[in-house]
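Per-entry structural report
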Amino acid sequence: GQNIDQPTEMTATEGAIVQINCTYQTSGFNGLFWYQQHAGEAPTFLSYNVLDGLEEKGRFSSFLSRSKGYSYLLLKELQMKDSASYLCAVRDWPGRMDSSYKLIFGSGTRLLVRP
Amino acid sequence: DTGVSQDPRHKITKRGQNVTFRCDPISEHNRLYWYRQTLGQGPEFLTYFQNEAQLEKSRLLSDRFSAERPKGSFSTLEIQRTEQGDSAMYLCASSSPGPPRADTQYFGPGTRLTVL
């Protein structure tokens, strides 16, 4: 089966650091994505990991451990505009070139940044 | 490159009516996906096109749903005999040709469907 778990809500203070965890159990794995989604808007791409380790992109970093089925998104120097939902998604690709690279999403973590 | 666009942004319809949504992917993106998102949940995959060929459909896509991508560019998603359970945000995403490692899906703003 497909199962992706992330906390429902988190609260943090402006200027602080927050870590959003994601665990997954999927039948196929070909990379893990993090998307940001503001209310009523489209998901926007933040980061992608396919190998174990840390990927850093400005204030955002994402970590992957494939053996543990675990990832986290780290947000530094939080700003009020970072208040949004953060979606963890696994790319499920069975290995055939005519297959989709569909994403299996978690339910999202709603982050509230307070002054 | 203006991003993925979707039309309409909002649709309110009565139960039993048919609705059609349009998605225009990023130009030169040959891969196109439709997802559905309900409140408080992540997007769920519905169907996938590679150029004009519909190569994968989710079990979520009942017989009342049909999708097309006639010339390998824009796509339409039609829902016949809508039900209240169809109320959701319908998201379209596209990605460029290439191996999985290079594939990043970019989402449109979505069409929010409300079935009364």
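Basis of the calculations
Counting restarts for each chain: residues are numbered from 1 in the order of the written sequence. For this description, chains carry letters from A and ligands carry numbers from 1, given in the order in which they are written. Per-residue local features are limited, in this predicted model, to residues with pLDDT of at least 70; the limit for side-chain atom pairs, both in listing and counting, is 80 or more; totals at the level of whole chains, interfaces and linings are taken over all residues. Hydrogen atoms and water are omitted, and side-chain values are computed over all heavy atoms in the structure. Nonpolar cores are built from buried Ala, Val, Leu, Ile, Met, Phe, Trp, Tyr and Cys residues. Side-chain atoms within 4.5 Å join them into one set. A simple rule labels every residue: compare its accessible area, found with a 1.4 Å probe on the protein chains alone, to the largest value its type can have, and call it buried under 20%, exposed over 50%, or partly exposed in between. Only DSSP runs of H or I covering at least 4 residues are called helices, and only runs of E covering at least 2 are called strands; the numbering of each starts at the N terminus. Any two residues having at least one pair of non-hydrogen atoms within 4.5 Å are treated as being in contact. Each pair of strands is called paired provided DSSP finds at least two bridges between the two strands. Once two parts are brought into contact, the accessible area they lose, counted with a 1.4 Å probe and summed over both, makes up the buried area. By convention in these notes, a salt bridge is any Lys or Arg side-chain nitrogen within 4 Å of a carboxyl oxygen on Asp or Glu. Polar contact criterion, stated in full: a pair of N or O atoms within 3.5 Å, where within protein one must be able to donate a hydrogen and the other to accept it, and residues adjacent in sequence count only if both atoms are side-chain atoms. Residues were grouped as follows: Ala, Val, Leu, Ile, Met, Phe, Trp, Tyr, Cys and Pro as nonpolar; Asp, Glu, Lys and Arg as charged; and all remaining residues, including Gly, as polar. Side-chain rings of Phe, Tyr and Trp (the six-membered ring for Trp) are treated as a pair once their centres are within 6.5 Å; stacked means planes under 30 degrees apart, edge-to-face means over 60, and tilted covers the remaining angles. The criterion for a charge sitting over a ring is simple: Lys NZ or Arg CZ within 6 Å of the ring centre, and within 35 degrees of the ring normal.

A word on the nonpolar core. Residues and elements named next belong to chain A. The biggest cluster of nonpolar side chains holds 21 residues, and the ones touching the most others in it are I4, L32, W34, L75, L78, Y86 and L111. When contributions to this core are tallied by element, the ones reaching two or more residues are β3 (18–25), β4 (32–37), β7 (60–65), β8 (70–75), β9 (84–91) and β11 (109–114). With near-sequence residues (within four places) excluded, L78 lies in contact with A12, T13, E14, G15, A16, V18, R59, L111 and V113.

Side-chain positions along a regular strand alternate between the two faces of the sheet. Residue and element names in this part refer to chain B. Buried residues dominate strand β8 (residues 75–79), accounting for four of its five residues. Pairing of strand β3 (residues 19–24) with β8, which is carried by five bridges, proceeds in the antiparallel orientation. In the sheet register, R22 faces β8, and the bridge partner there is T76. The turn linking strand β7 (residues 65–68) back onto β8 is made up of six residues, and G72 within it adopts a positive phi angle of 75 degrees.

Our focus in this paragraph is the interface of chain A and chain B. Opposite the 23 residues of chain A that make contact, chain B presents 26 residues. The junction of chain A with chain B conceals about 2000 Å² of combined surface from both sides, 55% of it contributed by carbon and sulfur atoms. It is Y101(A), K102(A) and F105(A) that lose the most area in chain A upon contact with chain B, and together they represent 26% of the buried surface on that side. Along the contact surface separating chain A from chain B lie two salt bridges. Between R91(A) and D103(B) there is a salt bridge, with the nearest N and O atoms lying 3.9 Å from each other. At the boundary of chain A and chain B, one finds ten residue pairs in polar contact (both at pLDDT 80 or more). Secondary-structure elements contributing two or more residues to the side of chain A that touches chain B are β4, β5 (44–49), β9 and β10 (103–105) of chain A. A per-element tally of the side of chain A that touches chain B places β4(A) first, with three residues. Of the residues contributing to the side of chain A that touches chain B, the split by class is 13 nonpolar, seven polar and three charged.

Turning our eyes to something else, we now look at the packing of aromatic side chains. The description of an aromatic ring pair rests on the distance of the ring centres and on the angle between the ring planes. Counted under the stated rule, the structure contains 17 aromatic pairs over all chains. Three or more aromatic residues joined by ring pairs form one cluster here, namely F33(A), Y35(A), F45(A), Y48(A), F105(A), Y33(B), Y35(B), F45(B), Y48(B) and F107(B). Looking at R22(B), its charged tip hangs above the ring of F74(B), at a distance of 3.9 Å from the centre.

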